[in-house]
Amino acid sequence: MRKRVVLRYFMFLFILLFLTQCEIDHGLGVSTSRIRGHVVLPDMSLRPDYFESVRIVALTKTLDAEDISLSDVVISNSSVDLSDPRPAYDLPAPLSKYEFVGAVWKKKDEAWDYTRIFGFYGFDPDSFKFTVEPIYLTKEHPIAEGIDIVCDWILVSP
């Protein structure tokens, strides 16, 4: 009887030792790298009736690239709070170089169409010009802040 107890004790210790040596994959985890800024909204009193909401997107390729795939796009999973006159956004994004960071809009009663651009980083609505300003997320600098996205109603059409 005493041998059984000792044997069970050693088996328990062996199993416990084995389990503590295993590495367990906990999935993707929470991204610590991110792009942050504000959405600079136009006069909201001019907001069209068909305009519903806004999300943030980032691309690792330029907009004119012919081979953009889902692996090249990071999309926010929630809409921007349009009740704030200068809403902040925080987009978790993997370490990479981002060629485009912008806001896309959703038409009421329709699904999201991520080609509907409402504004983007580097856009000047006064001159209607833009400068290409890539965003770099690296191990040394995993957070890019002050990436303000300027929006304009002229980019929104039914």
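The structure presented is a predicted model; accordingly, all values stated were derived computationally and were not measured.

A. Highlighting the nonpolar core. With 27 residues, the main nonpolar core has Ile-35, Ile-56, Tyr-89, Tyr-98, Val-101 and Phe-118 as its most contacted residues. Contributing elements (two or more residues each) for this core: β1 (34-40), β2 (51-59), β4 (88-92), β6 (100-107), β10 (135-137) and β12 (149-151). A per-element tally of this core places β2 first, with four residues. Discounting chain neighbours no more than four positions away, the residues touching Val-101 are Ile-35, Ile-56, Val-57, Ala-58, Tyr-89, Phe-120, Tyr-121, Ile-135, Ile-147 and Ile-149.

B. Broad picture of the pairing of strand β7 (residues 117-120). Both β6 and β7 contribute to a ladder of three bridges, which runs antiparallel. Counterpart to Ala-103 in the pairing with β7 is Gly-119. Relative to β12, β7 is paired through two bridges, and the arrangement is antiparallel. Paired with Gly-119 across the bridge in β12 is Cys-151.

Calculation criteria
- By convention here, each chain's residues receive numbers from 1 onward along its written sequence.
- Only residues with pLDDT of at least 70 get local features here, since the model is predicted, and only at 80 or more are side-chain atom pairs given and counted; chain-wide, interface and lining totals rely on the full set of residues.
- The side-chain quantities take in all heavy atoms of the structure and omit both hydrogens and water.
- To qualify as a nonpolar core, a set must consist of buried Ala, Val, Leu, Ile, Met, Phe, Trp, Tyr and Cys residues joined through side-chain atoms within 4.5 Å.
- Classification of residues uses two cut-offs on accessible area relative to the type maximum, computed with a 1.4 Å probe and protein chains only: under 20% is buried, over 50% is exposed, and between them is partly exposed.
- Here a helix means four or more residues in a row that DSSP labels H or I, a strand means two or more in a row labelled E, and each is numbered from the N terminus.
- Between two residues, a contact is recorded if the distance between any of their heavy atoms is within 4.5 Å.
- In this analysis, strands are considered paired if DSSP registers two or more bridges between them.

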